[in-house]
Amino acid sequence: MNKSADASNYVSYLDYKGKHTGIWAWLLSTDHKRIGLMYLMGIIVFFTAGMTLGALLKTEMLTAGRTIMDPQTYNAVFTLHGIIMIFLVIIPGIPAAFGNFFLPIMIGAKDVSFPRLNLLSFWLYIIGGVLALSSLFLQGGPIDVGWSFYVPYAIRTNSNVSLALFAAFILGFSSILTGLNFVTTVHRLRAPGMTFFKMPLFIWALYSTAWIQVIATPVVGITIVLVILERMFGIGIFDPALGGDPILFQHLFWIYSHPAVYIMILPAMGVVSEIIPTFTKREIFGYKAIAYSSLSIAFIGYFVWAHHMFTSGMSDIARAVFSLFTFLVAIPSGVKVFNWVATMYKGSIDAKVPFLFVAMFIVLFSIGGLTGLVLGNLATDIHVHGTYFVVAHFHYVMFGGTVMILFAALHYWFPKMFGKMYNEKIAKFALVFIFIGFNTMYFTMFILGYQGMPRRYWDYLPEFHNLQFISAIGAFIMVTGFLILIFNLLHGLLKGPKAEQNPWGGVTLEWTVPSPPTIENFDEIPVIEHGPYHIYKEGQIK
Amino acid sequence: MSAHSENEHVIGYMPYITIWLTLIGLTILTVSISLFDFGTLTIIVAMIIAIIKSIFVINIFMHIKYDSKVFLGFIIAALVILLVCLVFTATDVFFR
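Position numbers for residues count from 1 along each chain, tracking the sequence in the order it is written. All chains are assigned letters beginning at A, and all ligands numbers beginning at 1, according to the order in which they are written. In keeping with the predicted nature of the model, local features appear solely for residues at pLDDT of at least 70, side-chain atom pairs appear and are counted solely at 80 or more, and the whole-chain, interface and lining totals rest on all residues. Water and hydrogen atoms play no part in the side-chain values, which are based on all heavy atoms of the structure.

A. Main features of the interface of chain A and chain B. Whether two residues touch is decided by their heavy atoms; if any such pair falls within 4.5 Å, the residues are in contact. Counting residues at the interface gives 20 residues for chain A and twelve residues for chain B. Buried area adds together the accessible area that both of two parts lose upon being put together, with accessible area traced by a 1.4 Å probe. Summed over both sides, the interface between chain A and chain B buries roughly 1,500 Å², with carbon and sulfur atoms accounting for 79% of that surface. Pairs of N or O atoms are called polar contacts if they sit within 3.5 Å, as long as, within protein, a hydrogen donor faces a hydrogen acceptor (for residues adjacent in sequence, only side-chain-to-side-chain pairs). The interface formed by chain A and chain B contains four residue pairs in polar contact (both at pLDDT 80 or more). Comment: elements are numbered from the N terminus, with helices defined as DSSP H or I runs of at least four residues and strands as E runs of at least two. Elements with a contribution of two residues or more to the side of chain A that touches chain B: helix 7 (161–188), helix 8 (201–233), helix 9 (246–280) and helix 11 (316–344) of chain A. The greatest single-element share of the side of chain A that touches chain B, amounting to five residues, is contributed by helix 11 of chain A. Classification convention: Asp, Glu, Lys, Arg as charged; Ala, Val, Leu, Ile, Met, Phe, Trp, Tyr, Cys, Pro as nonpolar; all other residues, Gly among them, as polar. Here the side of chain A that touches chain B is composed, by residue class, of 14 nonpolar, four polar and two charged.

Below you can see the structure in the form of structure tokens.
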């Protein structure tokens, strides 16, 4: 294994002087770690913007009728909240920020296969983000179609749909290029001796995700182009008034957007598989089962898209087929959850902040997963389709799943990335706020949805008032928690104590290099002899 | 690494030009037959010509014919997924 860099030669990637200076040393850097950090900053900024919009939505729902905004503004705010959170936060989230930073280090490489393509990918992300947000301020007004751009309304509305679609098109390219880079890097740049089954499970998750990015994203690209052409030239592919088929749009949209759900969650599951062995000091239970389950989820995930469309009027045969396949996804997901819990069993658990995030993830994701069975079932879906139940389910899996693990990853790798440490007590304090606020907000929405409260409505009936009020209070508690969390990280970054090289006792390769790492990660490329969690098996780390 | 060295597969200009002309010919054929009504077979005929064109492009222009078989495997995997997506969509469109 690689030894720490000699103190006299050590220059971290943060202090490294390349051919560019000042801000350009960041904006034009092809170093995977700097690009990862820039993504991370972008993602946190967009997350804060999306969270603010979400808080405005919940404030509006405090009372029936108008509270702070009119209905058209409400439509625009929930659309923008969705677009920012989906396309700019959780899709790039873990792969672009932590994948970029840690994939090369964890496989013993100096960088990704195509560093310049990586930088291009980052800039496409920024351009796409700016275009999406600029649709707010340009003539035509903010878009009001929801993040799923359903036709025929997306064709007929006068708001800036084409610009927002074009932004999503560009963001898709960014995602494809990152995927290509990761697939190539995993195939070509693994350290000597690191076979596929000696790779850390986070790398398996990134690898599976990268394949989905490469194969599924072009479908949404083509669909977006078709909607733009339809808006500009009225070619009649989706518009029923011109002989088009609006359900075809839903098929094409979800052929990408359902696998995209796995683009969002698989990397998070990979992070969980790293954090649990570290904080239980045990070799992961069922390494191969977890690795194969990532591939199975990626594969089966392609064939379940129409469960978003059970009430759209598609054929009964299709509904039965897609319902069946949807239930199949539960198998590899269950494999993962049971293996994680089995790893913890009799482990020497050290309940540090990243582990607490993971524990919270398992609870929230399981609630989200089990309520997914209600939605995957044809009969019950008819009752709760298009209600708050769907919104709550989605937020339990994506927010309680991916975003919580995004923050788990940030707390886990923060000392490695910045060489600084945050205050653990404040982070735990924030976690309590987040957990209580999250469940108060979203569990209430399950009940509201079951009782018939439709999603995306600006107003509600008097009988929903109490639960709407409780849900909004939950939102404020949760936002408070996130503000404390982000402030604590910023404080740690600026004034925190120096972090050790391996504060958690991790055994994967990133913990063998200094904190923060040097520009080329390793003085000498390591030679791998054992699986990633082997050392726990031998009991060398207690 | 692939055992093949690049030198073994240097291709002259002629095959590229021949394939290019063939592709143009097939494009003209696609446009020409659109003037005839094959009924339900129209899309199948158009797809067959498109598949022939793709095979030329993938094998020669993309060098897949001369490269490691793993790349061919990747392309086939992507095509299989595409095919399954089409079949699954058809379970709706043709039984609605």
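Past the structure itself, the notes keep going.
B. Focus on empty space enclosed by the protein. Residue and element names in this part refer to chain A. A pocket, in this scheme, is an open set of points on a 1 Å grid over the protein atoms alone with protein on both sides within 12 Å along at least 5 of 7 lines, while a cavity is a set where a 1.4 Å probe fits but cannot get out; residues line either one if an atom lies within 4 Å of a point. Grid points are joined across faces, edges and corners, and a volume is the space filled by probe spheres set on the points. Going through the model one piece at a time under the given rule, you end up with three cavities of 30 Å³ or more. Of the volumes computed, that of the largest cavity is approximately 170 Å³. The wall of the largest cavity is formed by 17 residues, among which Phe-87, Ile-91, Pro-92, Leu-171 and Ser-175 lie closest to the centre. Looking at the lining of the largest cavity, the elements with two or more residues in it are helix 4 (93–106), helix 7 and helix 8. Here the element with the most residues in the lining of the largest cavity is helix 7; it accounts for six residues. The class makeup of the residues in the lining of the largest cavity is eleven nonpolar, six polar and no charged. Computed from the structure, the second largest cavity encloses a volume of approximately 50 Å³. Residue lining of the second largest cavity: Phe-149, Leu-165, Val-220, Thr-223, Ile-224, Val-227, Phe-249 and Phe-253, and that is the complete set. Secondary-structure elements contributing two or more residues to the lining of the second largest cavity are helix 8 and helix 9. Per element, the largest residue contribution to the lining of the second largest cavity is four residues, and it comes from helix 8. Taken together, the residues of the lining of the second largest cavity break down into seven nonpolar, one polar and no charged.

C. Broad picture of the environment of Trp511(A). Residues and elements named next belong to chain A. When you line up the elements, Trp-511 lands in the loop between helix 16 (465–495) and helix 17 (534–537). Considering only alpha carbons, one finds Trp-511 and Gly-221, 290 residues apart in sequence, at a separation of 39 Å. Apart from residues lying up to four places away in sequence, Trp-511 is in contact with Tyr-412, Trp-413, Lys-416, Gln-501, Asn-502, Pro-503, Trp-504 and Gly-506. Side-chain polar atoms of Trp-511 contact the side chain of Tyr-412, separated by 3.4 Å.

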